[in-house]
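Commentary on secondary and tertiary structure
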Amino acid sequence: MSHYTVAFAGNPNTGKSTLFNLLTGLRQHTGNWAGKTVTTAEGEFTHNQHVYRAVDLPGTYSLYSNSADEEAARDYIIFEQPVVTLVVLDATSLERNLNLALQVLEITGRAVVCINLIDEAKKLGISINLKAIARQLGVPVVAISARNQTGIGELLDQLERVATGAFAGKPLKITYSDEIEQGIAELLPLVEQTVGSRYPARWIALRLMDGDSSLLSSLKTHMGRSTSPAHKEVAGHGVTACH
Amino acid sequence: MAGAAIPLSEASNGSLLRISGIDVQGVLRRRLLDLGFVTGNTVEVLRRSPLGDPVAFRVSNTTIALRREESSLIYGELLGGEEA
Ligand SMILES: Nc1nc2c(ncn2[C@@H]2O[C@H](COP(=O)(O)OP(=O)(O)OP(=O)(O)O)[C@@H](O)[C@H]2O)c(=O)[nH]1
Ligand SMILES: [Mg+2]
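This is a predicted model, so every value here is computed, not measured.

Here we come to the overall build of chain B. Each helix and strand counted, chain B has two helices and six strands in total. Taken from the N to the C terminus, the helices and strands of chain B come in the order β-β-α-β-β-β-α-β. Whereas a compact globule of 84 residues would reach a radius of gyration of roughly 12 Å, chain B reaches 12 Å, a difference of no more than 12%. In terms of principal-axis extent, the alpha carbons of chain B reach across some 35 × 30 × 20 Å. Relative to its full complement of 84 residues, chain B shows a buried share of 38%. Long-range pairs, those at least 24 residues apart, make up 59% of the contacts in chain B between residues at least 6 apart in sequence. In the structure as shown, chain B presents an accessible area of about 4300 Å², 52% of it carried by carbon and sulfur atoms. When the 9 positive and 10 negative side-chain charges of chain B are each reduced to one mean point, those points stand 6 Å apart.

Looking now at the interface of chain B and chain A. Facing twelve residues of chain B, the contacting portion of chain A comprises 14 residues. Between chain B and chain A the total buried area reaches about 1000 Å² when both faces are included, carbon and sulfur atoms providing 35% of it. Looking at the side of chain B facing chain A, the largest losses of area belong to B:Arg30, B:Arg31 and B:Asp34, adding up to 50% of the total buried there. On the surface where chain B and chain A come into contact, there are one salt bridge. Its salt-bridge partner being A:Glu70, residue B:Arg31 comes within 3.3 Å of it at the nearest N-O pair. On inspection of chain B and its partner chain A, the count reaches ten residue pairs in polar contact (both at pLDDT 80 or more). For the side of chain B that touches chain A, the secondary-structure elements that each account for two or more residues are α1 (26–35) and β5 (62–66) of chain B.

Residue and element names in this part refer to chain A. Those residues of helix α1 (residues 16–24) that fall on the buried side of the exposure criterion are Lys 16, Leu 19, Phe 20, Leu 23 and Thr 24. Buried residues of α1, seen end-on, are gathered within an arc of 115° and therefore sit on one face of the element. Looking one or two residues past α1, Gly 25 carries a phi angle of roughly 60°, positive in sign.

Residues and elements named next belong to chain B. One pass over the structure, following the stated rule, counts one cavity of 30 Å³ or more. If you go around the largest cavity, the residues you meet are Ser 9, Arg 48, Gly 52, Asp 53, Val 55, Arg 68 and Ser 71. Along the lines of polarity and charge, the residues of the lining of the largest cavity split into one nonpolar, three polar and three charged.

A few words now on the layout of surface pockets. What the largest pocket holds in volume is close to 720 Å³. A:Tyr64, A:Tyr176, A:Arg207, A:Asp210 and B:Arg30 are, among the 26 residues lining the largest pocket, the residues nearest its centre. Elements with a minimum of two residues in the lining of the largest pocket: α3 (94–107), α7 (178–195) and α8 (201–209) of chain A together with α1 of chain B. Considering each element in turn, the lining of the largest pocket owes the most residues, six residues, to α1(B). Of the residues that make up the lining of the largest pocket, three or more belong to each of domain 1 (3–172) and domain 2 (178–223) of chain A. Along the wall of the second largest pocket there are 16 residues; nearest its centre are A:Leu105, A:Glu106, A:Pro171, A:Leu172 and A:Lys173. Contributions of two or more residues to the lining of the second largest pocket are made by α3 and α8 of chain A.

Following the UniProt record, one finds the feature "domain: Ferrous iron transporter FeoA-like" (unreviewed entry) at residues 6–78 of chain B. Helix makes up 19% of residues 6–78 of chain B and strand makes up 42%, while its end C-alpha atoms are separated by 8 Å.

Residues and elements named next belong to chain B. Spatial ordering of the open sheet is given by β1-β6-β2-β3-β4-β5, a layout of six strands whose pairing is antiparallel. In the strand order of this sheet, the two ends are held by β1 (5–7) and β5, each with one partner. Between one strand and the next, the sheet's axes are offset by a mean angle of 45°, whatever the strand orientation.

What counts, and where the lines are drawn
Residues numbered from 1 in each chain as written. Chains lettered and ligands numbered in written order. Predicted model: local features only at pLDDT ≥ 70, side-chain atom pairs only at ≥ 80, totals over all residues. Heavy atoms only, no water. Helix = DSSP H or I, 4+ residues; strand = E, 2+ residues; numbered from the N terminus. Rg over C-alpha atoms; globule rule 2.2 N^0.38 Å. Buried < 20%, exposed > 50% of the residue type's maximum accessible area, 1.4 Å probe, protein only. Contact = heavy atoms within 4.5 Å. Areas by Shrake-Rupley, 256 points an atom, 1.4 Å probe, with all protein chains shown as cover. Lys, Arg positive; Asp, Glu negative; His and termini not counted. Charge placed at Lys NZ, Arg CZ, Asp CG, Glu CD. Buried area = accessible area lost by both parts, 1.4 Å probe. Salt bridge = Lys/Arg side-chain N within 4 Å of Asp/Glu carboxyl O. Polar contact = N/O pair within 3.5 Å; in protein donor to acceptor, adjacent residues only side chain to side chain. Arc of directions from axis to C-beta. 1 Å grid on protein atoms, 1.4 Å probe; cavity = no way out; pocket = protein on both sides within 12 Å on 5 of 7 lines; lining within 4 Å. Points joined across faces, edges and corners; volume = space filled by probe spheres on them. Nonpolar A, V, L, I, M, F, W, Y, C, P; charged D, E, K, R; others polar. Domains from an automatic or database assignment. UniProt positions renumbered as here; feature names shortened; annotations may be inferred. Pairing = 2+ DSSP bridges. Axes fitted to C-alpha atoms, helices over the stretch in contact; angles between N-to-C directions.

Put into structure tokens, the structure is as follows:
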């Protein structure tokens, strides 16, 4: 029996914990992860004989602004590499919520977009074209109400497709201005050489150009911990070269 | 920048503005963008705290309070809705 880790990401107050509690029932406990004081919940659920380990990340508007919560959520997705990242969005506030969804999709295509609070959206007369959003994002998109427990079966089915690899779509790739794309192209070989294939090189190149020193220091920590001495040397070299 | 642009900190309660620019760099710029203060987006000035700072703004369906240090660096064009 396989064990798939699913991270729950999303803006504050989008119902992540409500969904998390619904799926994991009483089996959740509070956890803590590497070097951070941010506390999160972890639990388990089963669907079609597959066991999932659910990790409830702190709610954030972004993965880039360097608050402790955002760093924790970002580092979890990058370094712990959950099999699926479940991005929970508020159906009544999609424009704002899609910011985080795009940031996650730039890191990993192993994602399911879960549009929660669909009951509220209906009340407000908001109708959402799930197919169109799924087509644009390139990952499964499901509408649910965690409170009313609607759409949960479909959500779990889509989660399974991504977890098992049955779904292998191509996530949206954002093309930037010529100047930025040129910068990416220049940095990419260095980044790939430095971090290997384990981490999302294009995204790291973008973050380096943005001067994201918090990511850089997380990278140094994690690579120092998990690679051979030979690799460490390369890492040090590459990082210097990127400045 | 267009002549009509004023800093959000100067807009009175109830006014609606379309953001025309953000005069900040680095992490704070990123933070403001992530909160929804994106060029072209509409902002409503909701209310001021008793001492006048911070000010609550409504942007992309969420209420966000900004201090003057931040709101004075975000520029917008008035769209109306201003109190008489
Ligand atoms: N109407 C409605 N309310 C919901 C739904 N899901 C969650 N809520 C409510 O939304 C509020 C926030 O839910 P939480 O589960 O705490 O949200 P969260 O994403 O974990 O919030 P943070 O941990 O702060 O990021 C609660 O009052 C929930 O009862 C839903 O599908 N429909
Ligand atoms: Mg929560």
